[in-house]
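Structural characterization, general
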Amino acid sequence: MRIGLYPGTFDPITLGHLDIIRRGATLVDRLVIGVAINRDKGPLFTLEERVAMVEAECASITADTGTEIVVHPFENLLIDCARDVGAQVIVRGLRAVADFEYEFQMVGMNRALDKSVETVFLMAEAQHQAIASKLVKEIARLGGDVSKFVTPTVEAALKERLG
């Protein structure tokens, strides 16, 4: 069984994330969505809320692709999480050149830690390339329209959280 791991904080999950999840699901038999517990980032949503959002948003992708999608919170090294879930592949989304520079360093470090885990990059679709959770939160915080960047369910959660 081919297992992939798509890690992130998903605070909140965006249409860009869902695009990468949908396309990543076609590459593996099981796609584990690793929801990072990164306390340093000070997430807007709790871990439990982010996990629930990811599970809800991924249900239709499982139905459409037939790929098993599992949500797995983690707080350890990404490479250790990959080992924990049996992933042979780490799926990463790229939006722009700046993403590549950071990801290039991460791949090098992960390969030094475990050469058996490969990293695959998927370019975000053009309409999703500017989407970043941090920017979505800022737009929502300032009362802007985030409907182009997140699903209606996530938009409602942002409005509820930010008033």
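Refer to the preceding data block for the structure.
Every value quoted in this text rests on a predicted model; they were computed, and no experiment measured them.

Cut-offs applied
Residues numbered from 1 in each chain as written. Predicted model: local features only at pLDDT ≥ 70, side-chain atom pairs only at ≥ 80, totals over all residues. Heavy atoms only, no water. Helix = DSSP H or I, 4+ residues; strand = E, 2+ residues; numbered from the N terminus. Expected span 1.5 Å × (residues − 1). Bend = angle between axes of the 7 residues up to and from the residue. Buried < 20%, exposed > 50% of the residue type's maximum accessible area, 1.4 Å probe, protein only. Contact = heavy atoms within 4.5 Å.

Quick word on helix α2 (residues 47-65)
- Compared with the 27 Å implied by 1.5 Å per residue over 19 residues, the 26 Å span of α2 between its first and last C-alpha is a close match.
- The axis of α2 is deflected most strongly, by about 35°, at C58.
- Every buried residue of α2 is listed here: L47, R50, V51, M53, V54, E57, C58 and I61.
- Taken together, the buried residues of α2 touch α1 (15-25), β2 (30-36), β3 (68-74) and α6 (152-162).
- Count one or two residues on from α2 and you reach G66, which has phi positive near 80°.

Re the environment of M53
- With respect to the helices and strands, the residue M53 is situated in helix α2.
- Classification of M53 as buried rests on a relative accessible area of 11%.
- It is 22 Å that separates the C-alpha atoms of M53 and D29, two residues lying 24 residues apart in sequence.
- For M53, the contacting residues outside a window of four places in its chain are P12, I13, F45 and V154.

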